[in-house]
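Here are the chains, one letter per residue:
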Amino acid sequence: MPESLESLQARLDYQFGNLELLRLALTHPSWLQENPDVTDNNQRLEFLGDAVLQLILTEALFDLFPAEREGELSKRRSALANGHYLAKLAGEIDLAPHLLLAKNEVEQGGRDRRAALEDAFEALIGAIYLDSDLPAVRRVVRRLYGDLTRRLNAVIPTENPKGRLQERIQPRHGNGALRYDTVHVAGEDHAREYESQVFLLEVLIGSGRGSSKKAAEEAAAAHALESDLLPPHSA
């Protein structure tokens, strides 16, 4: 097995059972121009991987922001799944050197083209899905993204929900009226998920999940701000 594929699989923390699927995910359409014995490229896998990625991100955001409406969830998902961001993720796993491109495509800077990196990243997700199953590819995707709250804060201006909630509560109830509790921790060390609740004068007003205690508390504060659990008189 080429060392390059070994290193890529190590960065993915996933070993392919069928290496041909991995090679296909890395095969740019231009590769077929110089390799007539190759009859397929990564475009069909890209189509599949896009759908799988959308589902995984939708699941994660649905759980992380229990009070958000469809429009806000869609905006967050789009920020994490647009071409620019997928190319960024491809860069984080150093995907470009592994792409199979025609010589002229390489000479024209094809390895750095956003479209090529985006397509290959989605094709890679599709390949992992076909090589395994949904739970396995979900683990890979969630590990590659890591803390979704941190990711979102980097691409969408942070609203600082804990600060906003404190500003809303403090004038009427003082600085010590809010309390955050971590009520559940699950998952292995590299993929922990926290669940937090926020209380106003010991009354539960919000809950949320995240890949860190801070992220879970932010999600809980956002839930409190957007739901009807926050008492009207404290507005």
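Residues numbered from 1 in each chain as written. Predicted model: local features only at pLDDT ≥ 70, side-chain atom pairs only at ≥ 80, totals over all residues. Heavy atoms only, no water.

Here the focus is the pairing of strand S2 (residues 193-200). When strand S1 (residues 178-186) meets S2, the two strands line up antiparallel, connected through eight bridges. Its bridge partner lying in S2, Arg-179 is registered against Phe-199. Connecting S1 to the next strand, S2, in antiparallel fashion are six residues, including Gly-187 with a positive phi near 95 degrees. As judged from the seven bridges shared by S2 and strand S3 (residues 203-210), these two strands associate in the antiparallel manner. (Pairing = 2+ DSSP bridges. Helix = DSSP H or I, 4+ residues; strand = E, 2+ residues; numbered from the N terminus.)

Moving on, we come to the sheet that holds S2. Reading across from one edge, S1-S2-S3 is the order of the three strands in this open sheet, with antiparallel pairing throughout. Strands at the two margins of the open sheet, each flanked by one partner only, are S1 and S3. When strand polarity is set aside, the average angle formed by the axes of neighbouring strands in this sheet is 20 degrees. Each of S1, S2 and S3 is contacted by helix H11 (residues 161-173), which is oriented at about 145 degrees to S1, the strand it contacts most. (Axes fitted to C-alpha atoms, helices over the stretch in contact; angles between N-to-C directions. Contact = heavy atoms within 4.5 Å.)

Counting through the fold element by element, Gly-110 comes out in the loop between helix H7 (103-107) and helix H8 (114-131). Residues within four places of Gly-110 in sequence aside, it is in contact with Leu-101, Glu-105 and Ala-116.

A few words now on the nonpolar core. Grouped together as the largest cluster of nonpolar side chains are 51 residues, with contacts concentrated most on Phe-16, Leu-95, Phe-121, Leu-124 and Tyr-145. At the level of elements, helix H1 (3-12), helix H2 (19-25), helix H4 (43-64), helix H5 (70-81), helix H6 (83-92), H8, helix H9 (134-145) and helix H10 (148-155) are the ones that each hand at least two residues to this core. With nine residues, the single largest contributor to this core is H8. Listed in part, the twelve residues of the second largest apolar core include Ile-169, Ala-177, Leu-178 and Leu-225. (Core = buried A, V, L, I, M, F, W, Y, C linked by side-chain atoms within 4.5 Å. Buried < 20%, exposed > 50% of the residue type's maximum accessible area, 1.4 Å probe, protein only.)

Take the packing of aromatic side chains next. One pass over the structure, following the stated rule, counts two aromatic pairs. The interplanar angle of 90 degrees and the centroid separation of 5.1 Å between the aromatic rings of Tyr-14 and Phe-16 together place this pair among those described as edge-to-face. For the residue pair Tyr-14 and Phe-16, the accessibility class agrees, reading buried in each case. Ring geometry for Tyr-85 against Tyr-145: centres 6.3 Å apart, planes inclined by 15 degrees, an arrangement best described as stacked. One end of the pair, Tyr-85, is in helix H6; the other, Tyr-145, is in helix H9, and 60 residues separate them in sequence. The class for Tyr-85 is buried, based on a relative accessible area of 3%. Assessed through its relative accessible area of 1%, Tyr-145 is described here as buried. (Phe/Tyr/Trp six-rings, centres within 6.5 Å; stacked < 30°, edge-to-face > 60°.)

To continue, consider the pattern of salt bridges. Using the criterion set out here, one finds nine salt bridges in the structure. The residue Glu-72 makes a salt bridge to Lys-75 at a minimum N-O spacing of 3.3 Å. With Glu-72 and Lys-75 both in helix H5, this residue pair falls three residues apart, about one helical turn. Among the residues examined, Glu-72 registers a relative accessible area of 33% and is labelled partly exposed. Beyond isolated ion pairs, a larger network of salt bridges with shared partners links Lys-88, Glu-92 and Arg-151. (Salt bridge = Lys/Arg side-chain N within 4 Å of Asp/Glu carboxyl O.)

Moving on, we come to H10. Of all the positions in H10, only Leu-148, Thr-149, Arg-151 and Leu-152 are classed as buried. Along the long axis of H10, the arc covered by the buried residues comes to 160 degrees, so they all point the same way. Structural note: H10 exposes Arg-150 and Ala-154 on the side pointing more than 90 degrees away from its buried face. Check the buried side of H10 and you find it contacts H4, H5, H6, H9 and helix H12 (213-226). A side-chain oxygen of the first residue of H10 lies 3.0 Å from the backbone nitrogen of Thr-149; this N-cap is Asp-147. (Arc of directions from axis to C-beta. Polar contact = N/O pair within 3.5 Å; in protein donor to acceptor, adjacent residues only side chain to side chain.)

We now examine the packing of H6 against H8. In helix packing, the relevant descriptors are the interaxial angle and the interaxial distance, both defined with respect to the helix axes. It is at 8 Å that the axes of H6 and H8 come closest, and there the two elements cross at 75 degrees. On the basis of the axis angle, H6 is roughly perpendicular to H8. Residues Gly-83, His-84, Leu-86, Ala-87, Leu-89 and Ala-90 of H6 form the contact with H8, whose own contacting residues are Arg-114, Leu-117, Glu-118, Phe-121 and Glu-122. Looking at the contact of H6 with H8 residue by residue, the classes come out as six nonpolar, two polar and three charged. (Parallel < 35°, antiparallel > 145°, perpendicular 65-115°, else oblique. Nonpolar A, V, L, I, M, F, W, Y, C, P; charged D, E, K, R; others polar.)

Here we take up the confidence of the model for the protein chain. Low pLDDT marks stretches whose predicted atomic positions should not be read closely. Scored by pLDDT, the protein chain comes out at a mean of 88, with 94% of its residues at no less than 70. Mean pLDDT values for the elements of the protein chain range from 83 in H10 up to 97 in H9. (pLDDT = per-residue confidence, 0-100.)

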